[in-house]
Amino acid sequence: MDHVRCGLAVNPALPLELVDRLITVADEDIAGSLAERVDLRHEQAVALAARVGEAAERLCRNGVLTAADIDPATAPEAALALLDEGTGPEEWARHFAADPDPERRMKLAACPGLPSGVRKVLAADPDVRVVAELALWTTPDTAARLARHRHAEVRRAVAANESTPARVLTALVTGEGLPPADRCSVCDGEVTPSAHGERCDCCPRPGAFCTGSHESTVRETIEAALGNPATPAATVVRFATGASVVLRYGLAARSGLPRETAARLAQDALPGVRAELAANPAIGEPLMRALAADPFTEVRRGVAHNPLVPLDVLCGLAGTVRIGPTLLPRIAAAAPVEVDALAASPNPAMRMFLAERRDLPAAIRDALADDPDAKVVKSVAPHPGLSEKQLRGMVVRHGTQVVARVAANPDASPLLLEELAAHDPPVPKALREIARHRHASGAALLACLTDARARATAAGHPSLPPPVVAALLSDDDWRVVEAAAANPSLPPTMMERLVTDPDVGRWAGGVVT
């Protein structure tokens, strides 16, 4: 891959005439990068698609090429992309419904807004994969018809379609009112259906088996319906006990879960099921309090992430579960009076949770910035609106514990970032934040180049001096090379050389003269 030219292809400062010249030498990789340019002109997109046909699909999805630019006979993937975006003409849909390539018919089946006649053709397709793909995305009426399909794989897809009517989903779970399926994917793989092992190559999915009743596909159909929000809760509550682990996991996460079903799942032997349940806002406060005392950490962590967990329960969990600096849903939704109470909490973990919010009143933000606990300060440090004096004070008081988060503050000045980049001892995470900071100076970015994980980001920063960017074009790391070539600080004369030189990127030391 030509990483220099791939980088140049996305360089926002690349002159339009050089975009034209790059199109004339583009391969598939370069064309893929050029197709992502927001300033690509229509005539350039047409030329790019003519040179590298594979780019046409992306150009269509990006809205640069339209149906007027595409011939479905010579650019079928691009035409299908337009159909998928809802901008392809109906006659194209009818054309691809009769395409001899089943992969194309599958792509068509997943397109929205297909004419009813095309849906009927695809529903009768001889390749079950096409029908199953249609079943997964189609309209309620077609889904209802396909629920009676003779192949179990199609029914499985209907069960996962959120447009499938509720009564149909119930029938797929119970089997009532539907004729039994004749075949499944396992049946299709052998003459005599039999039990299959985990590693059998005949099975379409690990663990698939069939003894004549299409057992694994029927189980997967129920699992799909259980995960479908359109399936009535009354249909799925029967799986609270005695069902497979996957079914119980899916049930524990469902919205609108009846309280009595939640209570049964709270007694599940598997901590993972209880953890899934603990994060479900449908379970109610009494059950949250009970699960907050669960012996397993993952269950208690689930309660902490529940959007409706009472604040006193969360306060108790803060001392038993390592949650870290993350904005919990309950904290994000805290009312103003609750924010005031959290800011004054004697529990530093609660103040830390609050400090992760970025919409705090200035007085509370400033109070948290002066907090004596380092983890509170670390959480509030990236908050916009903090002064230079406050940011420096954080570093003086808490040192390396807060340096990286101070560096992430959007208002950090170039001088402060230079000081943080030179901090002794070094803080690698800070260098990674500085490398992407809009205020980073050339001096700070040079320090970032010493960190392997920050190097590629720093190489693309427009404040990096052009001679340094040029040297990075011959870096051993291709990510650094692409980032340097995409750097808008490259002079136009250098960009021209990179476009035209057949030995691009192979200069000694990477310096272009």
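About the cut-offs
- Residues numbered from 1 in each chain as written.
- Predicted model: local features only at pLDDT ≥ 70, side-chain atom pairs only at ≥ 80, totals over all residues.
- Heavy atoms only, no water.
- Salt bridge = Lys/Arg side-chain N within 4 Å of Asp/Glu carboxyl O.
- Helix = DSSP H or I, 4+ residues; strand = E, 2+ residues; numbered from the N terminus.
- Buried < 20%, exposed > 50% of the residue type's maximum accessible area, 1.4 Å probe, protein only.
- Patch = residues over 30% accessible without salt bridge, like charges linked within 9 Å, V, L, I, M, F, W, Y side chains within 5 Å.
- Areas by Shrake-Rupley, 256 points an atom, 1.4 Å probe, with all protein chains shown as cover.
- Lys, Arg positive; Asp, Glu negative; His and termini not counted.
- Charge placed at Lys NZ, Arg CZ, Asp CG, Glu CD.
- Axes fitted to C-alpha atoms, helices over the stretch in contact; angles between N-to-C directions.
- Parallel < 35°, antiparallel > 145°, perpendicular 65-115°, else oblique.
- Contact = heavy atoms within 4.5 Å.
- Nonpolar A, V, L, I, M, F, W, Y, C, P; charged D, E, K, R; others polar.
- Polar contact = N/O pair within 3.5 Å; in protein donor to acceptor, adjacent residues only side chain to side chain.
- Arc of directions from axis to C-beta.

As enumerated under the stated definition, the model contains 38 salt bridges in all. Residue Arg-61 pairs with Glu-85 through a salt bridge whose shortest N-O separation is 2.9 Å. Placement of the pair is Arg-61 in helix 5 (residues 55-61) and Glu-85 in the loop between helix 6 (76-84) and helix 7 (90-97), with a sequence separation of 24 residues. By relative accessible area, Arg-61 is classed as partly exposed at 34%.

What follows concerns a nonpolar patch on the surface. A cluster of nonpolar residues, Val-245, Tyr-249 and Leu-270, forms a patch on the protein surface that exposes about 210 Å² of accessible area. Residue placement: Tyr-249 occurs in helix 17 (residues 245-252).

Our next topic: a positive patch on the surface. A cluster of like positive charges, contributed by Arg-322, Lys-378, Lys-429 and Arg-453, occupies part of the molecular surface. Structurally, Lys-378 is set in helix 27 (residues 374-380).

Here the focus is unusual backbone geometry. Here Asp-424 and Pro-425 are connected by a cis peptide whose omega angle stands at 5°. Examined against the element boundaries, Pro-425 turns out to sit in the loop between helix 30 (414-421) and helix 31 (428-435).

Our focus in this paragraph is the side chain of Gln-44. Residue placement: Gln-44 occurs in helix 4 (residues 42-51). Residue class for Gln-44 comes out buried when judged on its relative accessible area of 4%.

It is at 10 Å that the axes of helix 2 (residues 16-24) and helix 36 (residues 492-500) come closest, and there the two elements cross at 10°. Judged on the interaxial angle alone, helix 36 and helix 2 are roughly parallel. Contact with helix 2, carried on its side by Leu-18, Arg-21 and Leu-22, involves Pro-492, Met-495, Glu-496, Val-499 and Thr-500 of helix 36 and no other residues of that element. Here the contact of helix 2 with helix 36 is composed, by residue class, of five nonpolar, one polar and two charged.

Turning to its location among the elements, Arg-358 is positioned in the loop between helix 25 (348-355) and helix 26 (362-369). When its relative accessible area of 32% is taken as the criterion, Arg-358 is described as partly exposed. Spatially, the C-alpha atoms of Arg-358 and Pro-384 are 7.3 Å apart, while their sequence positions differ by 26 residues. Sequence-distant contacts of Arg-358, that is, excluding residues within four places in its chain, are made with Ser-379, Val-380, Pro-382, His-383, Pro-384 and Arg-405. Within polar-contact distance, the side chain of Arg-358 engages the backbone oxygen of Ala-355 at 2.8 Å.

With that out of the way, let us pick up helix 8 (residues 102-109). Buried residues of helix 8: Arg-105, Met-106, Leu-108 and Ala-109, and no others. Each buried residue of helix 8 sits inside an arc of 160° when the element is viewed along its axis, so together they form one side. One side-chain oxygen at the N-terminal end of helix 8 lies 2.9 Å from the backbone nitrogen of Glu-103; it belongs to Asp-101.

Side chains of Asp-27, Glu-28, Asp-29 and Glu-54 sit close together on the surface and give a patch of like negative charge. For Asp-27, the position within the fold is in the loop between helix 2 and helix 3 (28-34). The class of Asp-27 is partly exposed, set by a relative accessible area of 32%.

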